[in-house]
Amino acid sequence: MDTSSTRLSLPSEPRAFGFFVDGAFVPAGPREVFERRSPGHDVPVTRIPKCTTGDLDMAVDAARAAFDDRRWSGLGGQARAAVLLKAGALIRERAEEIAYFETLENGKPISQARGEVAGCADMFDYASGLARSLHGDSFNNLGDGMLGLVTREPVGVVGIITPWNFPFLILCERVPYVLASGCTIVAKPSEVTSATTLILAEILTEAGLPDGCMNVVTGSGSTIGQALIEHPKVDMLSFTGSTAVGRRVVEAAGRTNFKKLGLELGGKNPQIVFADADLDDAADGVAFGIAFNTGQCCVSGSRLIVERPVADAFAQKVRDKLSRAVVGDPLDEATQIGAITTDAQNATILSYIEKGQAEGARLICGGTALDFGRGQYIAPTVFGDVTADMAIAREEIFGPVLTVMPFDTVEEAIAMANDTDYGLAASVWTKNIDKALMVTRRVQAGRFWVNTTLAGGPELPLGGFKQSGWGREAGMYGVEEYTQVKSVHVEIGKRTPWIA
Ligand code: TXE
């Protein structure tokens, strides 16, 4: 890798990974191997084993043993914090390698990947503090003869299934918080973006995490993923991905051991822009909100709801911004919009663009694949004349496709924003504090941005309303999700006898 140039070079050969169980890599051996090709260049970049269900059992057994013998949950918060802090430092040491593989497998720009990896190290720093501050409650108002305690106990073995859009970031929004709680982990990354999850497992072991506390199985969703969601020895499952698979996760939990669930699913997130907003700032934010990560982002602001008098002019501003965004080779440091991650996703986005035109929406910009000689790229696309019943206005496209719909009143804007099955995120742009707060309080979304978009960090919880999911990740809320509450009544002195 040549880090001195502004364009990193491709690897001369794909890097072969094993999967990770009980503190060590297990080489692929006789197993089938999945060869991942970089979506930005169409060259092989990694080779990942296709685990068997026997491999999964081995990983779950390791996590189960590590949880049941209390080698991790039995430690004090200080000891757990030390491991998490060290892991954060090691992520920083290996940041360039992690960002490189994230870019190669996912197709996102290298500058963006670097930013995400820095944010991930910060998640570990922050969660280390939570490992020490996690605590329960006490009730000394039950009379002199009784003390009530509420303790927080780790749930147990946690399965973590992640998607391909933010393989390292989504993982790190969970892993440090799960470990802070005292739980142990079996992670299953997307089959197309497994490398950085495997690197994290190695880092955690080097940071001093006891063997068996972090295991990674690789392979397809329909085999290994399905077996993980059905596994009777897994106590909780954190799933991030499509709503369709989210339903399977809920069904599997009901059919098997009623494992506790955390779900972060799809989004169709509104960006509400009032005429009194700083329209240049808002246009930049709206362009960023739809094109960041090529729109393959659960919280992307894909529905622009804009006050009618400025609607046309504002759409032009967004178009102008997008026309200046640098689309191209993800390994080039100047690139802002990279490749589409999978062939299937590329086909899905293009089919929605066709559908939008067939339904009568007007193409304001984009609408085509971009040909850079290799890899798959789509121009940022904006549709005007969109009506609420169109598929492009209702369904999660998961690509750089923005729909524009005008509104006349605040009430109408709120109703349009809420006219969706999803409730993951929303933004409002206005200089009027009353309007900003009214909209913030009434739009149903788990994350809300006022005069900005896609802001985040380790402190504030993540998660959705309605069909966007259950539970919260990150922040103290995120640690508490991985605990269950035990109430304890302690008799002080002699109990009043039942039978005299
Ligand atoms: O997601 P999947 P895909 C949406 C987005 C996208 C669509 C399909 O609209 O177009 O989903 O993407 C694992 N049991 N989002 O196909 O299939 C799979 O291996 C257990 C939105 O990639 O949901 C991967 O690790 N696991 C979303 C993970 O689930 C299974 C992010 C996600 O894959 C499984 C990603 C099964 N039966 C996609 N089948 C967001 N909003 O963040 C698959 N998996």
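Attention here is on the structure that accompanies the text.

Analysis parameters
- Residues numbered from 1 in each chain as written.
- Predicted model: local features only at pLDDT ≥ 70, side-chain atom pairs only at ≥ 80, totals over all residues.
- Heavy atoms only, no water.
- Core = buried A, V, L, I, M, F, W, Y, C linked by side-chain atoms within 4.5 Å.
- Buried < 20%, exposed > 50% of the residue type's maximum accessible area, 1.4 Å probe, protein only.
- Helix = DSSP H or I, 4+ residues; strand = E, 2+ residues; numbered from the N terminus.
- Contact = heavy atoms within 4.5 Å.
- Pairing = 2+ DSSP bridges.
- Axes fitted to C-alpha atoms, helices over the stretch in contact; angles between N-to-C directions.
- 1 Å grid on protein atoms, 1.4 Å probe; cavity = no way out; pocket = protein on both sides within 12 Å on 5 of 7 lines; lining within 4 Å.
- Points joined across faces, edges and corners; volume = space filled by probe spheres on them.
- Nonpolar A, V, L, I, M, F, W, Y, C, P; charged D, E, K, R; others polar.
- Polar contact = N/O pair within 3.5 Å; in protein donor to acceptor, adjacent residues only side chain to side chain.
- Phe/Tyr/Trp six-rings, centres within 6.5 Å; stacked < 30°, edge-to-face > 60°.
- Lys NZ or Arg CZ within 6 Å of the ring centre and 35° of its normal.

1. Description of the nonpolar core
And then number 1: Grouped together as the largest cluster of nonpolar side chains are 71 residues, with contacts concentrated most on Ile91, Phe124, Phe168, Val175, Leu200, Leu204 and Met214.
And then number 2: Per element, the largest residue contribution to this core is 10 residues, and it comes from helix α4 (residues 110-133).
And then number 3: Once residues lying within four places of it in the same chain are set aside, the contact partners of Met214 are Phe20, Val175, Ile185, Ala187, Leu200, Ala201, Leu204 and Leu209.
And then number 4: Counting 28 residues, the second-largest nonpolar core is a separate cluster that includes Ile272, Phe274, Ala391 and Val443.

2. Description of the sheet that holds strand β5 (residues 44-49)
And then number 1: Strand order in the open sheet made by the 3 strands is β1-β5-β4, with mixed pairing throughout. Whereas interior strands pair on both sides, the edge strands pair on one side only; in this sheet they are β1 (15-16) and β4 (33-37).
And then number 2: Packing of helix α3 (residues 95-106) onto the sheet brings it into contact with β1, β4 and β5, and relative to β5 it is tilted by some 95°.

3. As for the layout of surface pockets
And then number 1: Put simply, the largest pocket is a space of about 680 Å³.
And then number 2: In this structure, the largest pocket is lined by 32 residues; those nearest its centre are Pro163, Phe239, Gly241, Ser242 and Val245.
And then number 3: Listed by contribution, the elements that provide at least two residues to the lining of the largest pocket are α8 (221-230), β11 (236-240) and α9 (243-255).
And then number 4: The greatest single-element share of the lining of the largest pocket, amounting to 5 residues, is contributed by α8.
And then number 5: Looking at side-chain class alone, the lining of the largest pocket contains 13 nonpolar, 14 polar and 5 charged residues.
And then number 6: Here the second largest pocket defines a volume of roughly 430 Å³.
And then number 7: In terms of lining, the second largest pocket is formed by 22 residues, of which the most central are Leu169, Glu173, Arg447, Leu454 and Gly456.
And then number 8: The set of elements that each furnish at least two residues to the lining of the second largest pocket consists of α4 and α5 (167-172).
And then number 9: No other element matches α4, which puts 5 residues into the lining of the second largest pocket.
And then number 10: When the residues that make up the lining of the second largest pocket are grouped by side-chain class, the tally is 13 nonpolar, 4 polar and 5 charged.

4. A closer look at the side chain of Asn269
And then number 1: Mapped onto the fold, Asn269 is located in the loop between β12 (260-264) and β13 (270-273).
And then number 2: At 2.8 Å, the side chain of Asn269 and the backbone oxygen of Cys298 are in polar contact.
And then number 3: Within the local environment of Asn269, its side chain forms a polar contact with the backbone nitrogen of Ala425, the two atoms lying 3.0 Å apart.

5. Notes on empty space enclosed by the protein
And then number 1: Counted according to the given criterion, the structure contains 4 cavities of 30 Å³ or more.
And then number 2: There is about 50 Å³ of room inside the largest cavity.
And then number 3: Lining the largest cavity are Gly262, Leu263, Glu264, Leu462, Gly463, Trp470, Gly471, Arg472, Glu473 and Glu481.
And then number 4: A per-element tally of the lining of the largest cavity places β12 first, with 3 residues.
And then number 5: Residues of the lining of the largest cavity, tallied by class, amount to 3 nonpolar, 3 polar and 4 charged.

6. Structural notes on the packing of aromatic side chains
And then number 1: Throughout the structure, instances matching the rule amount to 8 aromatic pairs.
And then number 2: On the basis of an interplanar angle of 85° and a centroid distance of 4.8 Å, the ring pair of Phe372 and Tyr377 is categorised as edge-to-face.
And then number 3: Under the relative-accessibility criterion, Phe372 is labelled partly exposed at 41%.
And then number 4: Using a relative accessible area of 2% as the deciding quantity, one classes Tyr377 as buried.
And then number 5: Aromatic rings pair up to connect Phe17, Tyr100 and Phe101 into one cluster.
And then number 6: One cation-aromatic arrangement involves Arg80 over Trp72; the distance from NZ or CZ to the ring centre is 6.0 Å.
And then number 7: Lys355 extends its terminal NZ or CZ atom over the ring of Tyr352, reaching a point 4.7 Å from the ring centre.

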